[in-house]
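Structure assessment
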Amino acid sequence: MLALAGTVLIIAALLPILSLLAELRAAGAAALVVLGSARPWALLLRSAGLSGAVTAGALGVGVPLGILIARTDLPGRRALWLLHLFPMFLPPFVLALGWFHLLGRSGALGTEATARALFGGAGVLWVLWLAFTPVCTSLVALLLLGLDASLEEAARLVASPLRVAARILLPAATPAIVLSGIVVFALAISELAVPMFLRVDVFPAAVFARLGGIDYAPGEAFALALPLVPLALLLLFLERRYVGPRSFAVAGLRGMSRDPLSLGQWRSVATFASWSLVLISLAPLLVLLVRAGRNGGLEDVVHWVGRAPANSLASGMLAATVVAALGLVLGHAAARRTRGAAALDALSMLAFVTPAPILGVGLIAVWNRGWTQAIYASLGILVVGFVARYTVVGVRAVSSVVLQSPLDLEESAAVAGAPFLRRLSRIILPLNLRGVVGGWLLALVFCLRDLETAVLFYPAGREPLTVRLFTLEANGPPSVVAALAVVQVALTALVLALGALALRRRWESR
């Protein structure tokens, strides 16, 4: 089973990365000429600088907020966390569109000054910071909720709450901080739609222009993707060095029921700052809802949206099912330290942190062939791309739950002679169903929000909703574009609500 799951992952994720070398060799030296000019390297430095600034800002706000949510008496922290988390599951382009209708020249609060600030590097930094800060907040909060309570309680006997947070909670959260920084940087440097919408030239746009624009030159696109390979390997090295296969999507038996740390006189300040951040991040979504209702936007959305929502759901649900199946096998193997599992876990993480242009052009190189058109010309190519990039979500979700399940049940079944498939179906899956369902839900949400990967190779007439929204923005009625963004928000909210309900019923049944 491990070999079968590994083969699927290698075909989906590793072959596209390795194919870059073969394609560059076939393209010849002419394709490498593009790397001899200064502009690609300037764009790469700009993208890396923007991504680094987004990561620093997300960590600077997300880490303290994660501590406040997980371990303090902040009022309404559960609702605060839920509302703060929601923008993370949306394409950042939706937030950028909302801020355009709020701060653009014709926006509700727009002036020439706000428009100039929005359309530039500062605007990209602002939008991506709001979109990715919940990643840092959630990973830190989840780790602290699973922290051994005795460490904190012993420190609280002799130290103030501030000292406990600084000397116990913050060091304990170091793996989550490193992981969140890696994830945010990887997502930010792959972002395509927000910089293009806000008129900022970035490196992914140069690759996209040679695959989907008037400067069509696939050989140059392969060459441009090459400098991103060392960056992906560096991110993988940092993840292996400081995080490894450990997972943090766990909650201790006591979770939020433990006595929280008192904020004292800082409680009102922390409450105001936290809720202000949440309201600011939700403001563009409210503006989109208002804008969509004007000029019949919501009424015309059926005409413009086409089959895009169905394409998103079909490809996303199929990919999430494959991810959950791979996550069950690979996540269990990683948690039980099965031979070979660590390498496959590293491969799944490499595919996730690899900038989207590498994965996109690699998938084109592997699957754009005559005998693979049944996959490349259908929604199957989207499924392959989503499985390649988001398998790590299922692996980490399952492994985090397996680490909490008793090993003796599996060992007893093995001693009794039960083969692995029987143990998998009768013991491992029922015990860890919450992790499998959670991995499936997270994978589906990530597939629904994906744009930067799918936009490079989506089949003609089968575009997902994110791509439909991105391409329609340039020539569609503003009210209809806003309405499509509202449809994206509603679809994500519906999936999250149904998934949360299913997980809650499963938990209560136990």
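Anything mentioned here points back to the structure above.
Treat the numbers as computed from the prediction; the structure is a model and nothing was measured.

This paragraph deals with the packing of helix H5 (residues 92-103) against helix H7 (residues 121-145). Two elements in contact, H5 and H7, have axes separated by 9 Å at closest approach and are oriented at 130°. Our classification of the angle between H5 and H7 gives oblique. The chirality of how H5 crosses H7 is right-handed. Listed contacts from H7 to Pro-92, Leu-95, Ala-96 and Trp-99 of H5 are Trp-126, Val-127, Leu-128, Leu-130, Ala-131 and Phe-132. The residue inventory of the contact of H5 with H7, partitioned by class, reads ten nonpolar, no polar and no charged.

The backbone of Arg-199 sits at a positive phi, close to 65°, despite the residue not being glycine. Structurally, Arg-199 can be placed in the loop between helix H11 (193-197) and helix H12 (203-212).

We now examine the layout of surface pockets. Taken as a whole, the second largest pocket spans an internal volume of roughly 560 Å³. Looking at the second largest pocket, it is lined by 22 residues, and the ones nearest its centre are Pro-64, Leu-68, Leu-162, Leu-263 and Ala-270. Broken down by secondary-structure element, the contributors of at least two residues to the lining of the second largest pocket are helix H3 (38-71), helix H9 (161-172) and helix H15 (267-292). Among the residues forming the lining of the second largest pocket, the class breakdown is 17 nonpolar, five polar and no charged.

Here we take up the side chain of Gln-488. Considering the arrangement of structural elements, one finds Gln-488 in helix H26 (residues 478-509). Side-chain polar atoms of Gln-488 contact the backbone oxygen of Leu-448, separated by 3.1 Å. If near-sequence neighbours (up to four positions away) are discounted, Gln-488 is found in contact with Leu-90, Pro-91, Val-94, Leu-448, Leu-465 and Thr-466.

Running from N to C, helix H4 (residues 77-85) and H7 point in directions that differ by 140°, and their axes come no closer than 9 Å. Here H4 is positioned oblique relative to H7, judged by the angle of their axes. The handedness of the crossing between H4 and H7 comes out as left-handed. Counted together, Trp-81, His-84 and Leu-85 of H4 and Thr-133, Pro-134, Thr-137, Ser-138, Ala-141, Leu-142 and Leu-145 of H7 form the full contact between these two elements. In the contact of H4 with H7, the residues fall into six nonpolar, four polar and no charged.

Once that is clear, we can look at the side chain of Thr-466. Note that Thr-466 resides in helix H25 (residues 465-472). A relative accessible area of 4% places Thr-466 in the buried class. Those residues in contact with Thr-466 that lie beyond four places of it in its chain are Pro-91, Ser-312, Leu-448, Arg-449, Asp-450, Leu-451 and Gln-488.

Summed over all chains, the structure comprises three cavities of 30 Å³ or more. For the largest cavity, the calculated volume is near 60 Å³. Of all the secondary structure elements, the ones that give two or more residues to the lining of the largest cavity are H3, H7 and helix H10 (174-190). At three residues, the largest contribution of residues to the lining of the largest cavity is made by H3.

The next point concerns the environment of Val-329. For Val-329, the location among the structural elements is in helix H17 (residues 308-335). A C-alpha to C-alpha distance of 8.5 Å links Val-329 and Leu-424, two positions 95 residues apart in sequence. Beyond its immediate stretch of four places on either side in the chain, Val-329 contacts Met-1, Leu-2 and Ala-5.

Turning next to the environment of Leu-498. Within the secondary structure, Leu-498 is located in helix H26. We classify Leu-498 as exposed; its relative accessible area is 52%. The spatial distance from the C-alpha of Leu-498 to the C-alpha of Ala-314 is 16 Å, given a sequence separation of 184 residues.

Another point: helix H14 (residues 228-242). In a regular helix each residue adds 1.5 Å, so 15 residues correspond to 21 Å; H14 covers 21 Å between its end C-alpha atoms and thus fits that length. Residues of H14 that are buried include every one of Leu-228, Leu-231, Ala-232, Leu-235, Leu-236 and Glu-239, and no others. One side of H14 holds all its buried residues, which, seen down the axis, span an arc of 135°. Opposite the buried face of H14, by more than 90 degrees, sit the exposed residues Pro-230, Phe-237 and Arg-241.

This part takes up the packing of aromatic side chains. The full count for this structure, using the stated rule, is twelve aromatic pairs. Relative to Trp-126, the ring of Trp-99 lies with its centre 5.6 Å away and its plane at 70°, an arrangement referred to as edge-to-face. Taken together, the residues span a long stretch of sequence, with Trp-99 in helix H5 and Trp-126 in helix H7 at a distance of 27 residues. A relative accessible area of 6% places Trp-99 in the buried class. Centre to centre, the rings of Phe-352 and Phe-446 are 6.5 Å apart; their planes meet at 85°, and the pair counts as edge-to-face. Taken together, the residues Phe-352 in helix H18 (residues 341-353) and Phe-446 in helix H24 (residues 433-449) connect sequence positions 94 residues apart. Residue Phe-352 is classed as buried on the basis of its relative accessible area, which comes to 5%. Accessibility expressed as a relative area gives 12% for Phe-446, which makes it buried. Every member of this aromatic cluster is reached through a ring pair, and the members are Phe-93, Phe-100, Phe-119, Phe-197, Phe-208 and Phe-470. Taking NZ or CZ as reference, Arg-241 lies 5.0 Å from the ring centre of Tyr-242, over its face.

Conventions and cut-offs
- Residues numbered from 1 in each chain as written.
- Predicted model: local features only at pLDDT ≥ 70, side-chain atom pairs only at ≥ 80, totals over all residues.
- Heavy atoms only, no water.
- Axes fitted to C-alpha atoms, helices over the stretch in contact; angles between N-to-C directions.
- Helix = DSSP H or I, 4+ residues; strand = E, 2+ residues; numbered from the N terminus.
- Parallel < 35°, antiparallel > 145°, perpendicular 65-115°, else oblique.
- Left-handed = near helix turned anticlockwise from the far one by under 90°.
- Contact = heavy atoms within 4.5 Å.
- Nonpolar A, V, L, I, M, F, W, Y, C, P; charged D, E, K, R; others polar.
- 1 Å grid on protein atoms, 1.4 Å probe; cavity = no way out; pocket = protein on both sides within 12 Å on 5 of 7 lines; lining within 4 Å.
- Points joined across faces, edges and corners; volume = space filled by probe spheres on them.
- Polar contact = N/O pair within 3.5 Å; in protein donor to acceptor, adjacent residues only side chain to side chain.
- Buried < 20%, exposed > 50% of the residue type's maximum accessible area, 1.4 Å probe, protein only.
- Expected span 1.5 Å × (residues − 1).
- Arc of directions from axis to C-beta.
- Phe/Tyr/Trp six-rings, centres within 6.5 Å; stacked < 30°, edge-to-face > 60°.
- Lys NZ or Arg CZ within 6 Å of the ring centre and 35° of its normal.

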